[in-house]
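Structural overview for review
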Amino acid sequence: MKAAVLSSVLYIAILSTALTAQSGAVDVQVSNRINPQSGVNGRLQLAMSTSFQLAPWSYRFFTVTPNATTPLGNLYPWHTRVQVISGGIPLTAPDTWDFTELNSMFAPVQTTGDHSPEFQIGTAPAYMSDANGHILPASYADFAQMSANLVRYYNTGGFTDSGNFFQSPTPYPVTWWGVFNEPNGNGLSSQQYVDLYNVVVPAMAQADPSIKFLAVELSDYGTQAETYLPAFVSGVTAPVDVLATHFYSSCNQKDSDAQVFATVPGYVTEVQSIYSQLAGNPKLAGVPVWVTENNVNADYDLGNGVSACNPGQPFVTDRRGTSPFFAAWRSLVFASLGETGAQALYHWSFGADQQYGEVDGSANPYLSYWVDYYLSHWLPSPPGQDILQVTESGCCFWTGTGGNPLGLDTHTLAVRNVDGSAVILMSNHAVANVTDNNGSGAVRDFMLDVSALGTFTSATLVHLDASTPQTGPLPVQMTPSPQMQVVLEGYGAALLRLSNASPALPAMGVANAASYAPGAVAPGEIVSLFGTAIGPASPASLALTNPVLVANALAGVHVLFDGLPAPVLYASAGQVNVVVPYAVAGESATAVQVEYLGALSAPVSLAVAATAPGIFTLDGSGAGPGAILNAADESVNSATNPAAPGDWVSIFATGAGVTTPAGVDGLLATGPSYTPNAQISVKIGGLPCHLNYQGAAPGLVSGVLQINAQVPTGVTPGSSVPVQIIVGTASSQSGVTLAVR
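Here the structure is a predicted model, which is why all the values come from computation and not from measurement.

1. Details of the sheet that holds strand 28 (residues 510–512)
On the basis of which strands lie adjacent, the open sheet formed by five strands has the order 28-29-36-35-30 and antiparallel pairing. A strand with exactly one partner marks an edge of an open sheet, and here the two such strands are strand 28 and strand 30 (540–541). Relative to strand 36 (residues 575–579), strand 29 (residues 526–530) is paired through five bridges, and the arrangement is antiparallel. Within strand 36, the position partnered with Ser528 by the bridge is Asn577.

Set out below in structure tokens:
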């Protein structure tokens with residue numbers, strides 16, 4: 001990582017100023033009106049995520065700390081970013097590949113979160129670069145070929161080079177690709193980057209036309225957006241799906257708290273500049289801005305304890321990256337960027353020290369983890385929220401040179417969810433003393449007037465500050481009222497959620513989605529959850545994280561089995577359909593919870609069975625004509641289109657349990673595969689059938705079972721001939737029928 005520091009030069013004079021007061025109340029009036037000038041057409045669409053650097057000094061992170069995948073997944077990170085540099089780049093010499101380091105870190109990341117990380121090709125192999133490690137223009141074509149082979153490695157079944165075949169060990173394709181890291185700090189002029197991008201991206205897209213590209217990933221300090229991007233915006237011809245930049249507030253641990261906070265308005269200016277430039281090119285006018293690196297201080301140990309940013313000075317870890325200061329700073333950054341229309345914010349980086357990390361080397365969370373956790377869970381994007389107009393007054397002004405005001409030293413963001421609930425994010429960055437460095441901050445008392453929002457039956461408050469335990473904050477239930485008070489005793493943030501309903505899942509609210517039979521669940525079984533306030537009022541159907549993977553979040557809904565998110569196929573206020581994760585195999589029971597817009601239902605304990613078969617029916621009732629095709633022409637079997645004795649039919653079911661090869665949560669089957677381990681038999685009209693296939697249904701999500709069965713020659717014809725499948729020792733529901741002529 002190169003230092004990407006947003007200069008605090010414009011605000012350095014804060015050192016010579018004083019706050020108008022050291023403690024006091026801020027009056028916050030929350031309107032019920034959307035602010036159309038804020039965010040993306042009045043909406044907060046800022047997804048939270050995190051990052052890794054994959055290099056020789058870091059690639060063993062998950063080998064050493066395998067339990068880190070759990071807190072990583074619990075963050076719900078949006079396309080986790082993996083910056084691959086140095087020895088992490090698998091092409092070590094012409095035609096010589098070594099994926100050891102890459103697979104050690106990237107594969108575990110693929111198994112967590114949305115299973116769709118960004119792969120940033122951060123640098124070129126040494127042999128393509130000059131003595132300073134900067135890619136040579138003569139190497140652009142070779143770099144493009146390498147990048148295209150990386151796409152093939154993950155997405156198209158592998159590639160062959162010099163007689164050697166290479167293929168990813170995971171089933172997950174990579175959709176999001178970043179092309180080079182911080183080119184303005186890594187030896188590329190703006191025109192050289194345009195030339196590189198226009199060569200590399202078409203080669204990668206030819207390997208897989210479905211992939212998407214993050215451009216530039218700028219080291220954005222000072223006014224780099226204004227000076228570096230014009231050449232790119234005017235000269236790029238290859239596809240651009242995201243324009244990315246990086247923001248840090250300091251590169252010197254000696255910078256005071258006041259100096260660091262004062263850089264945040266500069267982030268807003270830079271994002272506005274980027275959007276303004278993109279709007280000047282019709283092909284780029286709709287491209288979103290993502291901030292793919294963000295933290296307090298970009299300095300690092302260059303070696304022998306020397307600061308990389310401050311030659312001759314010793315490097316000192318800036319603990320403001322994980323202290324209460326961070327809670328105030330990150331919440332201010334989040335609100336400011338979200339209100340400016342940025343659409344993703346990435347922490348740098350997940351597993352690191354107290355300057356950078358969300359967790360330490362043993363996967364223990366820092367305060368920074370809980371800040372990002374609650375921003376991700378309570379303000380999820382997608383689906384995003386409406387930004388409400390807020391009027392703030394009172395204590396205390398944040399001033400610059402000669403008393404020039406920069407606004408209040410607090411910030412309040414209020415949003416409304418689609419279900420009518422509201423979330424208010426309060427940030428207290430009030431500095432007690434202008435010389436403080438990782439100080440404690442000053443007390444601020446938020447006097448909230450939420451009367452315009454109507455009445456609520458529930459109010460939940462979370463504090464993220466010096467009082468937060470390592471295991472996470474303890475949400476506090478408050479009495480909702482038109483006027484409410486929240487006190488932050490120093491640096492920190494608070495989130496207040498106001499609602500009229502909480503997700504509720506009854507003990508008998510989980511059933512097989514084909515048969516509607518309640519009871520034990522099986523690995524890979526498609527189940528329906530019936531409850532109240534468990535999803536959106538307007539039903540939503542499944543979304544794809546990439547072309548072959550069903551997302552484990554839908555319209556703000558997550559369904560957790562022992563904390564593991566399940567692929568979501570359908571979501572509404574009263575019903576959610578999901579696929580039981582294969583990881584429940586071997587367990588005697590599993591705890592199920594529904595999370596909707598950050599609110600969790602109470603856990604329901606369900607027994608786990610090896611199999612729990614159910615046959616899908618045409619009308620979705622669990623009885624009557626089955627979801628069965630006449631195999632000869634793949635037409636739907638019905639009374640007017642019956643099968644004949646001796647014909648083959650395809651029966652669609654679920655609940656067959658574990659498979660060989662092992663089933664993958666949410667993966668769309670691309671061909672016949674994934675055979676259930678349990679013995680399968682079929683009876684039509686009470687007679688046993690010959691089978692020629694039992695396995696995944698091509699084109700459908702893992703968990704859908706297709707059985708090709710031959711109609712017995714001795715069966716009695718009729719429009720409602722009984723059909724039943726037996727998987728292991730369990731049988732499907734009665735009442736499912738097939739038409740036989």
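2. Considering the packing of aromatic side chains
For any pair of aromatic rings, geometry is given as the distance between the ring centres together with the angle between the planes. Counting across every chain of the model gives 36 aromatic pairs. Residues Phe99 and Phe166 carry aromatic rings whose centres are separated by 5.7 Å and whose planes lie at 45° to one another, so their mutual orientation is tilted. In this pair, Phe99 is assigned in the loop between strand 7 (96–97) and helix 3 (100–110) and Phe166 in strand 10 (residues 164–166), connecting sequence segments 67 residues apart. In this structure, Phe99 and Phe166 share a single accessibility class: buried.

3. What to know about the pairing of strand 44 (residues 648–654)
Counting buried positions along strand 44 yields six of seven residues, so the element is predominantly enclosed. Direction of pairing for strand 40 (residues 614–615) relative to strand 44: antiparallel, over a ladder of two bridges. Note that in strand 44 the partner of Gly614 across the bridge is Thr654. When strand 42 (residues 628–630) meets strand 44, the two strands line up antiparallel, connected through three bridges. Residue Leu629 lies in a different strand from strand 44, and its bridge partner there is Ser650. Bridge count between strand 44 and strand 50 (residues 704–710): seven bridges; the pairing is antiparallel. Bridging from a neighbouring strand, Trp648 pairs with Gln710 of strand 50.

4. Quick look at the environment of Ala47
With respect to the helices, strands and loops of the structure, Ala47 is situated in strand 3 (residues 47–49). The exposure class of Ala47 is buried, given its relative accessible area of 2%. Residues Ala47 and Ala225 lie 178 residues apart in sequence; the distance between their C-alpha atoms is 22 Å. Those residues in contact with Ala47, other than ones at most four positions away along the chain, are Trp78, Gln343, Ala344, Leu345 and Ser381.

5. As for the state of the cysteines
Applying the stated criterion across every chain yields a total of two disulfides. Across a sulfur-sulfur distance of 1.7 Å, Cys251 and Cys309 are joined as a disulfide pair. Taken together, the residues Cys251 in the loop between strand 13 (242–250) and helix 7 (257–261) and Cys309 in the loop between strand 16 (306–307) and helix 9 (324–340) connect sequence positions 58 residues apart. For Cys251, a relative accessible area of 11% puts it in the buried group. Each bonded cysteine of the chain is numbered by sequence order, and under that numbering the disulfide pairs are 1-2, 3-4.

6. Examining helix 3
Across the eleven residues of helix 3, eight count as buried, placing the element largely inside the fold. Each element contacted by the buried residues of helix 3 is listed here: strand 4 (51–54), helix 1 (61–64), helix 2 (69–74), strand 5 (81–84), strand 8 (118–121) and helix 4 (140–155).

7. So, the nonpolar core
Among the nonpolar cores identified, the biggest contains 116 residues, and Trp177, Tyr193 and Tyr197 are the most heavily contacted of them. Contact partners of Tyr193, with chain neighbours within four places excluded, come to Val179, Phe180, Pro183, Leu188, Ala215, Val216, Tyr228 and Phe232. Counting residues in hydrophobic clusters, the runner-up holds 25 residues, among them Val510, Ala566, Val592 and Val604.

8. What about the sheet that holds strand 14 (residues 289–297)?
Ordered in space as 3-17-14-13-12-11-8-5-4, the nine strands form an open sheet in which the pairing is parallel. Edge positions in the sheet fall to strand 3 and strand 4, since each of these pairs with one other strand and no more. For this sheet, the mean inter-axis angle between neighbouring strands, taken without regard to orientation, is 25°. Seen against the sheet, helix 9 touches strand 3, strand 13, strand 14 and strand 17 (344–346) and runs at an angle of roughly 160° to strand 14.

The rules behind each value
Residues numbered from 1 in each chain as written. Predicted model: local features only at pLDDT ≥ 70, side-chain atom pairs only at ≥ 80, totals over all residues. Heavy atoms only, no water. Pairing = 2+ DSSP bridges. Helix = DSSP H or I, 4+ residues; strand = E, 2+ residues; numbered from the N terminus. Phe/Tyr/Trp six-rings, centres within 6.5 Å; stacked < 30°, edge-to-face > 60°. Buried < 20%, exposed > 50% of the residue type's maximum accessible area, 1.4 Å probe, protein only. Contact = heavy atoms within 4.5 Å. Disulfide = S-S within 2.5 Å. Core = buried A, V, L, I, M, F, W, Y, C linked by side-chain atoms within 4.5 Å. Axes fitted to C-alpha atoms, helices over the stretch in contact; angles between N-to-C directions.

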